[in-house]
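For reference, the chains in residue letters:
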Amino acid sequence: MNQGFPVVANDLDEQPKVLLVDDDEVNLLLTSIALRERGFGVTEASSGEQALQLISDMLPDVVVLDAVMPGLDGFATCQELRHLPGFESIPVLMLTGLDDEASITRAYEVGATDFFVKCTQWSLLAGRLRYLLRASRTRYELERSKAKLARAQDLARMGSFDWHSGLGDLAFSMEGLRVFGMGPNDQLGLRHIVRMMQADERKGFTRILREVIDHSTVLCNDIQINLPDGRQRILHIEAEPEFNEQANLIGYTGIVQDVTDRRVAEDKIKHLANFDTLTGLPNRRQVFWRSERAIEHAKRLNHSVGMLQIGLDRFKIINENLGHHAGDELLIEVSRRLRTCVRHCDQVMEGGMDIHSARGHRTLEAVGRLGADEFVVLLPEIANEQEALDTAERILEALREPMMADGQECFITASVGVAIFPAHGLNVADLLRNADVAMDLVKIHGRNTAQLYDPQLASKSRVRLDLDTALHKALERKELVLYYQPKIDVRTNRMVGAEALMRWQRGDQLVPPADFIPLAEATGLINEMSLWAIEEAAMQAKIWQKSFGFDSSIAVNMPSRLFEQRDLVEKIEAILTRLAVNPRAIELEITETGLMKDLQGVVPSLLRLNQLGTEISIDDFGTGYSSLSYLTSLPISELKIDRSFVRDLGDTPQSSAVVSAIIALARALGLRVIAEGVETTTQMEVLYNLGCHICQGFLYARPMPGPQVEQWLLATKFGETLPRITLHSADNAGDDIAKMS
């Protein structure tokens, strides 16, 4: 590291060094494995404090920070990092939660280069990191060139001049004349210099000169001139007044310097920070800045502002089949077509100058790129909503024309969401969010069209309204039913519990939960439905206990918003007491994501439920991107390994590594561990050898009504005909795991 510049990988084909900071051990492991697979060298840190200790020694190329951590969180760590010498410009990617506008804004305020919403799409994360590294490398080279130029200019003043009151015009040194493109015998006066300037800047410069002379102050100004050979240059002029013994102004002495290259470099650096490197369009940061200015202007002049969010339809398919290079070609062509559909407005940005040899910043290009295949259009001044919709239609028509990518003809369509200030939002965040909502509705209902945001869009949908109305009546009509999926101990092939899964028997149709649970959560019906499920499962446990001595528990899924009810524990206790059911017959499952939405609000209820005798299970473990500290403070009895990790067991060593880590963690904390989504004997055998002995999935049984469970037990002779672990298969599975690792 030299002169305070960050270390950047010389070539992105080399292994870039990543400092990955996350207090969540599972997320840290998953992310680290994924990045190493994609060619990154990863150093892990579990806290902000540890990261600051490691960074000076390892000199990373990029830092990935979890926003929410105990102690020194991601925001404070980023702020401290920016104060370390040499790390002022190192790219920092902040990991935030979905739709967390406040965290995103704060991340930029503390100096983060960009943010990334947490998800398991590792290829997107790797792509974002490589994008940041390319941008950082370019920025580094520009900063280094700028520093060299600045040092040379400090050492060598390019020319000097004098002016004495009453003794004539300006007198330039030979070097000063050379700056203006003239020889030593040429004459150069003030009038000649003014005539070399741009016509629209002459009056302003002469006014500054009068004020400087009238008040005997220092002159410090940049001017843009046309040299005799036609070149445009930017000159920096400084002059200080000289006084006689009576303190009267007698003249000025000063220097003139050609700063064109430095100004061009500064403009390029500003462009890099505010514009997308692939398409040249304004990036998210610049879109926010311009939109805020447009809204301020609209408030003063009482007009509307339009915001269009554009998502390309099925772009991922083209990208995956033709390659990323072809995808980049398409994105560049899309950006070009979008700009032809949108008018251009004047933009005021400090430090920008129009020079033919470099891109200026005086034109506001009202098209920006938000992400991989998402664009935004800002219409700073519109008369009505129809004007915005007309622009959206022009965009759709332009994009429907065929495009060429990697020599192949392709067709791209788009979904456009439209939001208007002030009708649909009073700030940039609201407008972008509502435009995104409208765009998502377009994608749901067929794509390739435009939709104006309407708060009543959801309720206007006849299908959704019909489903909503019918769901409200489903409970009183007793249309909801529970299906049960057995949990099997693979060591004994015995059922050691079951999970209750909600279904909706709507006439002759059995509606799957994915079609009505989200609606129930959105309308608040999920609370009443969940309490019904607890009561129904408790009655089923009592029936099974009498029928075949069932002494295990039935797990019931609990939504996080149910814990907002202050009397939740009393209601559950009343159900169990009325039915005379042991509290241990019911196990409550809450997803890790749901738990972390409102951990502080959920904890008191979980503690009281545990005291009551009801066990707590964490469902979909490993997918919630949460802090593992909650495992040591909550009354948890069981962890359920998410089916996404089970699916690839036996095929990829990464899945085995993740599952093994979860099992080891559960053992260390004294928790039961169960795998869901087990569908093959290979998955069962790998799980058994890794130490997970309880499985649930289609390999054993599909979810079925309560009475059918007894029939299933008889048909399988209480587990004797189920797939079972053999010593030979267990040894083979162990060998496979050893080979993969």
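The following paragraphs examine the structure supplied in this document. (Residues numbered from 1 in each chain as written. Predicted model: local features only at pLDDT ≥ 70, side-chain atom pairs only at ≥ 80, totals over all residues. Heavy atoms only, no water.)

### Some points on the overall build of the protein
Each helix and strand counted, the protein has 27 helices and 29 strands in total. In the protein, which comprises 741 residues, the proportion classed as buried is 50%. A fraction of 65% describes how many contacts in the protein between residues 6 or more apart in sequence connect residues 24 or more apart. For the protein, the exposed surface amounts to about 35,500 Å²; the carbon and sulfur share of it is 50%. (Helix = DSSP H or I, 4+ residues; strand = E, 2+ residues; numbered from the N terminus. Buried < 20%, exposed > 50% of the residue type's maximum accessible area, 1.4 Å probe, protein only. Contact = heavy atoms within 4.5 Å. Areas by Shrake-Rupley, 256 points an atom, 1.4 Å probe, with all protein chains shown as cover.)

### Comments concerning helix H2 (residues 48-58)
Looking only at H2, the buried set comprises Gly48, Ala51, Ile55 and Met58. Down the axis of H2, the buried set is contained in an arc of 90°. They therefore lie on one face. Of the exposed residues in H2, those oriented more than 90 degrees away from the buried face are Gln53 and Asp57. Where H2 is buried, its residues meet strand S1 (17-21), strand S2 (41-45), strand S3 (62-66) and helix H3 (74-82). (Arc of directions from axis to C-beta.)

### Quick look at the packing of aromatic side chains
For the structure on display, the rule yields nine aromatic pairs. Plain terms: the ring middles of Tyr484 and Trp544 are 5.2 Å apart, the flat faces sit at 65° to each other, and that makes the pair edge-to-face. With Tyr484 in strand S20 (residues 480-489) and Trp544 in helix H18 (residues 526-548), this pair connects stretches of sequence that are 60 residues apart. Considering the side-chain rings of Trp544 and Phe550, the 5.3 Å spacing of their centres and the 70° angle between planes classify their relative orientation as edge-to-face. Phe550 matches Trp544 in its accessibility class, with the two residues each being buried. Ring-pair connections join several aromatic residues into one group, and the members of that group are Tyr484, Trp544, Phe548 and Phe550. (Phe/Tyr/Trp six-rings, centres within 6.5 Å; stacked < 30°, edge-to-face > 60°.)

### Considering the pairing of strand S10 (residues 249-258)
Relative to S10, strand S6 (residues 160-164) runs antiparallel, the two being bridged by five bridges. Paired with Asp162 across the strands is Thr253, a residue of S10. Both strand S9 (residues 232-243) and S10 contribute to a ladder of nine bridges, which runs antiparallel. Across the sheet, Phe243 pairs through a bridge with Leu249, a residue of S10. Where S9 folds back onto S10 in an antiparallel hairpin, the turn is made up of five residues, including Ala247, whose phi is positive at roughly 65°. (Pairing = 2+ DSSP bridges.)

### Quick word on helix H4 (residues 101-109)
An α-helix turns once per 3.6 residues; consequently, residues spaced three or four apart project the same way. Taken as a whole, H4 has its buried residues at Ser103, Ile104, Ala107 and Tyr108. Buried residues of H4, seen end-on, are gathered within an arc of 135° and therefore sit on one face of the element. Turned more than 90 degrees off the buried face of H4, the exposed positions are Ala102 and Glu109. Lining the buried residues of H4 we find H3, strand S4 (92-96), strand S5 (114-117) and helix H10 (284-301). Where H4 ends, the next residue or the one after it, Gly111, has phi of about 110°, a positive value.

### Section: the sheet that holds strand S18 (residues 414-421)
With mixed pairing, five strands are arranged side by side in an open sheet as S14-S15-S11-S18-S19. Taken across any chain shown, the strands that pair with only one partner, and hence form the sheet edges, are strand S14 (367-369) and strand S19 (450-452). Across the sheet, the axes of successive neighbouring strands diverge by a mean angle of 20°, strand direction being ignored. Relative to strand S15 (residues 374-382), S14 runs antiparallel, the two sharing three bridges. From the neighbouring strand, Arg369 faces S15, where its bridge partner is Phe375. In the packing of helix H12 (residues 324-340) onto the sheet, contacts are made with strand S11 (304-312), S14 and S15, and the angle to S15 comes to roughly 10°. (Axes fitted to C-alpha atoms, helices over the stretch in contact; angles between N-to-C directions.)

### Here we look at the sheet that holds S9
The five strands lie next to each other as S7-S6-S10-S9-S8, forming an open sheet whose pairing is antiparallel. In this open sheet, the two strands that pair with only one neighbour each are strand S7 (171-172) and strand S8 (219-226). In terms of strand pairing, S6 meets S7 through two bridges, oriented antiparallel. Within the sheet, the bridge partner assigned to Phe161 lies in S7 and is Phe172. Along the sheet, helix H9 (residues 260-274) makes contact with S8, S9 and S10, crossing S9 at roughly 115°.

### Here's the deal with the pattern of salt bridges
Working definition: two side chains of opposite charge can pair if their charged atoms are close together. Within this structure, the stated rule accounts for 30 salt bridges. Residue Arg447 pairs with Asp313 through a salt bridge whose shortest N-O separation is 3.8 Å. Here Arg447 is found in the loop between helix H14 (428-444) and S19, whereas its partner Asp313 is found in the loop between S11 and helix H11 (315-322), with 134 residues between them in sequence. Residue Arg447 is classed as partly exposed on the basis of its relative accessible area of 30%. A network of salt bridges, in which partner residues are shared, links Lys487, Glu499, Arg584, Glu587, Glu589, Glu615, Glu638, Lys640, Arg672 and Glu676. (Salt bridge = Lys/Arg side-chain N within 4 Å of Asp/Glu carboxyl O.)

### A closer look at unusual backbone geometry
Looking along the chain, the bond that leaves Phe421 and enters Pro422 is cis, with omega of 5°. Phi at Asn493 is positive, roughly 55°, even though this residue is not glycine. Position of Asn493 relative to the elements: it lies in the loop between S20 and strand S21 (494-506). One non-glycine residue with positive phi stands out, namely Ala580, at about 55°. For Ala580, a relative accessible area of 60% corresponds to the exposed category.

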